[in-house]
Every structure is written in C-alpha cells, then in structure tokens.
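# Notes for the structure review
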Amino acid sequence: MAVAFACGLSLLTGILFGVAPAWIAAQAKPAEALRSGMRTTAGSASLLQRGLVVLQAALSFVLLVGAGLFRRA
C-alpha cells in the first residue's frame with residue numbers, strides 16, 4: 001500500500017509541478033519577453049505560480065516529516 005501511495009504521489013507531483021509550469025510558459029510570447037528586457041518574473045508571477053510554490057513547499061515539509069517518522073520506527 002505504501003508503494004502504491006508513493007507511486008501515486010510521484011505521478012501527481014510530476015504532473016502538477018512539471019506540466020503546469022510548462023503550460024504557463026507556453027502561453028508567453030517569447031518576442032515580447034525578449035524585447036521587454038526583464039530578467040526576473042517575480043513581479044508578474046500569476047496566482048497559479050504562487051500557489052504551486054506554496055503547495056510544493058508544503059508537500060516537501062510533509063514528506064520530510066513522514067521520512068523522519070519512518071526512520072524513527
């Protein structure tokens with residue numbers, strides 16, 4: 001059961017943190033981005049991008065706690 005959970009979680013994170021940013025990047029117009037000369041996108045991060053960062057940090061914390069509990073057992 002733990003292996004199935006790990007596989008499911010791996011698939012979910014791969015889709016969520018791999019496909020979603022790629023889809024967002026595909027929506028951008030490369031010529032406009034190059035003309036603007038902006039080096040960072042922190043000011044223009046969408047709500048989805050910010051949410052993905054928070055979700056990734058939360059999942060990482062949960063996985064670290066879970067790994068610590070398995071090590072203790």
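Just so you know, these numbers come straight off a predicted model, no measurement behind them.

## A closer look at the overall build of the protein chain
For the protein chain, the helix and strand inventory stands at three helices and zero strands. When the helices and strands of the protein chain are placed in sequence order, the string is α-α-α. Considering the protein chain as a whole, with its 73 residues, one finds that 7% of them fall into the buried category. When the accessible area of the protein chain is evaluated, it comes to approximately 6400 Å², of which 72% is carbon and sulfur surface.

## Structural notes on the environment of Leu 48
Turning to its location among the elements, Leu 48 is positioned in helix H3 (residues 47–72). For the pair Leu 48 and Ile 24, spaced 24 residues apart in sequence, the C-alpha to C-alpha distance is 8.9 Å.

Thresholds, definitions, all that
- Residues numbered from 1 in each chain as written.
- Predicted model: local features only at pLDDT ≥ 70, side-chain atom pairs only at ≥ 80, totals over all residues.
- Heavy atoms only, no water.
- Helix = DSSP H or I, 4+ residues; strand = E, 2+ residues; numbered from the N terminus.
- Buried < 20%, exposed > 50% of the residue type's maximum accessible area, 1.4 Å probe, protein only.
- Areas by Shrake-Rupley, 256 points an atom, 1.4 Å probe, with all protein chains shown as cover.

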